[in-house]
Amino acid sequence: MIKTIYALASAHGRAGIAVIRVSGPQALHSFESLTGLNNPERRRAHYCTFKKPMGDVIDKGVAIFFESPSSYTGEDVAEYHIHGSQAVLNEFLDTLSKYPNHRMAEPGEFTRRAFENGKMDLTEAEAVADLINAQTSLQKSQALKQLDGSLKDLYEGWSENLKKSLAYIEADLEFPDEDDADGVTREVVPVLDKLIDQLKSHLNDNRRGELLRDGIQIVIIGAPNAGKSSLLNALAKRDVAIVSDIAGTTRDVIEVSLDIMGYPVILSDTAGLRPDQLGENDSDVIEAEGIRRALQKAENADVKILLYDGGKKEPDPYTLSMIDENVIKVVSKADQKIIFEYPAPLIEISSKTGQGFDILLKTIQDKIIQIAGQGRDAPSLTRMRHRNALHECLAALNRSKEAALPELMAEDVRLAIRSIGQITGRVDVEDLLDVIFRDFCIGK
């Protein structure tokens, strides 16, 4: 028997109002018992007193009942808006646990039931999680667009075209005497070519959607005492890292999350680069590990801020060696006299006076736009599993065009459909049969 599940739907902790959600075949039974309402009006807020089966009062609040299938999960759903004290919550949840076939929901189970009941596909279910976790305006906008079905519509459109193409190929194989199916395999190739081009364009997005969802990694790299921690604190506008004149103060990667123009940014301070000066004592071993982590962080970063010490006679060679197309070159201590020529172009800053920070921030913004894009209307890939499945789809379509036999071509197109279906969670042989019977009137 399908269990009726319940859970706190609002945030944990003391609050004015808390919301408890119940979903499943017994949701109406517990609703009527808790509220004292028989056959309550659907989708209407009822102010009532919540009581235990023995009559003890739990709380007063608002209850709403949503009848299947017109609910979030597609099942009967009840929502209880109660006072958010821990005492009320504990008593309410404990009372629900006493009803037959009721149990606490597992993480994500409400949305899983919504998927299983056809209320949303997997991309929309993932968008629910992204929307809940969104910390910037652009993250929220991307999640809302995906929740509205932008990715689902795109992938289902491709899947529909592939199903129709496969239906034509299958008809050509199974019913060679049908006039409508004669030679249709050749007509399928242009459709596959067009879809291959669309797939390539969709995949060639510089990981914009994933960067926006997961955050753009920016790492500060430089020699000891170059001013990395001061720069981190200045950009974060608070004291995140310890600032000291002692070399090697920062031993591990320190991260802070920033919102830059709506883009989520993870800014990292790292240990100073000086591998040739390390010895064998315990302190040196710890710092060596810090340097190793710094280099690894730099290797995986989307943007590197190479920070040179403006008080030194020559630039640090280890920092110089890390110059590539994804760097922003900065020299610190601009309030002091810079006594040599650093690799241009570079930005001179002073964490003490604030000099150059407006230019640095503008440069960071430009770099983010260059990497993550701006004003992209087409739906973006937001997860690596989407990308992997689409690569499998593209490989199958490329093979289908080179297939020596129609049977092999049909199998590759079928694999391409399955790959897209892995993204949306909808792979149904009946869809193919529907197309065949609709388009070819077989058995008339």
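Just above sits the structure.
**Student:** Give a description of the overall build of the chain that names residues and reports values.
**Tutor:** Scanning the chain from terminus to terminus reveals 15 helices and 12 strands. Look at the contacts in the chain between residues 6 or more apart in sequence, and 62% of them connect residues 24 or more apart. As presented, the chain carries roughly 22,700 Å² of accessible surface, and 50% of it is formed by carbon and sulfur atoms.

**Student:** Tell me about the side chain of D302, and please be specific about residues and values.
**Tutor:** Position of D302 among the secondary structure elements: in the loop between α10 (282-300) and β10 (303-308). Polar side-chain contacts of D302 include one of 2.8 Å to the backbone nitrogen of Q217.

**Student:** Go over the environment of A389, please, and point to the residues and values.
**Tutor:** In this fold, A389 is placed in helix α13 (residues 384-402). Exposure remark for A389: the relative accessible area of 4% places this residue in the buried category. Taking C-alpha positions, A389 is 9.0 Å from R418, a pair spaced 29 residues apart along the chain. Excluding residues that lie within four positions of it along the chain, A389 makes contacts with S419, Q422 and I423.

**Student:** Give me the lowdown on the pairing of strand β9 (residues 263-269), citing residues and values where you can.
**Tutor:** The buried fraction of β9 amounts to 7 of the 7 residues, a majority that puts the element mostly inside the structure. Along β9, one buried face is formed by Y263, V265, L267 and D269 and the opposite face, lined by P264, I266 and S268, is buried too. Sheet topology note: the strand β7 (residues 216-222)/β9 ladder contains 5 bridges and is parallel. Directly across from V219, in β9, lies its bridge partner S268. Across 7 bridges, the pairing between strand β8 (residues 254-260) and β9 is antiparallel. Within β9, the position partnered with V256 by the bridge is L267. Hairpin connection, β8 to β9: the antiparallel pair is bridged by 2 residues, and M261 has positive phi, about 60 degrees.

**Student:** With reference to specific residues and values, describe the sheet that holds strand β12 (residues 347-348).
**Tutor:** Read across the sheet, 6 strands follow the order β8-β9-β7-β10-β11-β12 without closing on themselves; strand pairing throughout is mixed. Since the sheet does not close on itself, it has two edges, and those belong to β8 and β12, each with one partner. Two strands pair when backbone bridges link them, and β10 and strand β11 (residues 327-331) are joined in this way by 5 bridges, in the parallel orientation. Following the sheet pairing, Y308 is matched in β11 by V331. Sheet strands touched by helix α12 (residues 357-372): β7, β8, β9, β10, β11 and β12. Its angle to β11, the strand with the most contacts, is close to 170 degrees.

**Student:** Could you give an account of the nonpolar core, naming the residues involved and the relevant values?
**Tutor:** Formed by 29 residues in total, the largest nonpolar core has its most connected members in L231, L360 and I364. Contributing elements (two or more residues each) for this core: α8 (208-214), β7, α9 (228-236), β8, β9, β10, β11 and α12. No other element matches α12, which puts 6 residues into this core. Discounting residues that sit within four places of it in the chain, L360 has contacts with L231, L235, I328, V330, I347 and I349. Judged by nonpolar contacts, the second largest core, of 26 residues, contains L166, L192, I196 and L390.

**Student:** Now, about the sheet that holds strand β2 (residues 15-23): what can you tell me, with residues and values included?
**Tutor:** Strands in a sheet are paired, the pairing made by backbone hydrogen bonds, and the direction either parallel or antiparallel. With mixed pairing, the 6 strands of this open sheet are ordered in space as β3-β4-β5-β2-β1-β6. One side of each edge strand has no neighbouring strand; the edge strands of this open sheet are β3 (46-51) and β6 (102-104). Each neighbouring strand pair of the sheet contributes to a mean axis angle of 30 degrees, computed without reference to strand direction. Bridge count between β2 and strand β5 (residues 77-84): 8 bridges; the pairing is antiparallel. By the bridge assignment for β5, R21 is matched with E79. Against the sheet, helix α1 (residues 27-35) contacts β1 (4-8), β2, β3, β4 (57-66), β5 and β6, and its axis sits at roughly 85 degrees relative to β3. The sheet contacts of helix α2 (residues 86-97) involve β1, β2, β3, β4, β5 and β6, and relative to β5 the element is tilted by about 150 degrees.

**Student:** Outline the packing of aromatic side chains, listing residues and values.
**Tutor:** Scanning the entire structure with this criterion turns up 6 aromatic pairs. Judged by centre distance (5.7 Å) and plane angle (45 degrees), the ring pair of Y155 and W158 falls under tilted. Placement of the pair is Y155 and W158 together in helix α6 (residues 150-174), with a separation of 3 residues, close to one helical turn. A relative accessible area of 0% places Y155 in the buried class. Exposure remark for W158: the relative accessible area of 5% places this residue in the buried category. Among the aromatic residues, those joined into a ring-pair cluster are F31, F50, F65, Y80 and F92. The residue whose ring lies beneath R21 is F110, and the NZ or CZ to ring-centre distance is 5.5 Å.

**Student:** For the pattern of salt bridges, give the residues involved together with the corresponding values.
**Tutor:** Taken as a whole and assessed by the stated rule, the structure comprises 26 salt bridges. When the shortest N-O distance is used, the salt bridge between D366 and K362 registers 2.9 Å. Placement of both D366 and K362 in helix α12 is noted, with a separation of 4 residues, approximately one turn of the helix. Residue class for D366 comes out partly exposed when judged on its relative accessible area of 37%.

What counts, and where the lines are drawn
- Residues numbered from 1 in each chain as written.
- Predicted model: local features only at pLDDT ≥ 70, side-chain atom pairs only at ≥ 80, totals over all residues.
- Heavy atoms only, no water.
- Helix = DSSP H or I, 4+ residues; strand = E, 2+ residues; numbered from the N terminus.
- Contact = heavy atoms within 4.5 Å.
- Areas by Shrake-Rupley, 256 points an atom, 1.4 Å probe, with all protein chains shown as cover.
- Polar contact = N/O pair within 3.5 Å; in protein donor to acceptor, adjacent residues only side chain to side chain.
- Buried < 20%, exposed > 50% of the residue type's maximum accessible area, 1.4 Å probe, protein only.
- Pairing = 2+ DSSP bridges.
- Axes fitted to C-alpha atoms, helices over the stretch in contact; angles between N-to-C directions.
- Core = buried A, V, L, I, M, F, W, Y, C linked by side-chain atoms within 4.5 Å.
- Phe/Tyr/Trp six-rings, centres within 6.5 Å; stacked < 30°, edge-to-face > 60°.
- Lys NZ or Arg CZ within 6 Å of the ring centre and 35° of its normal.
- Salt bridge = Lys/Arg side-chain N within 4 Å of Asp/Glu carboxyl O.

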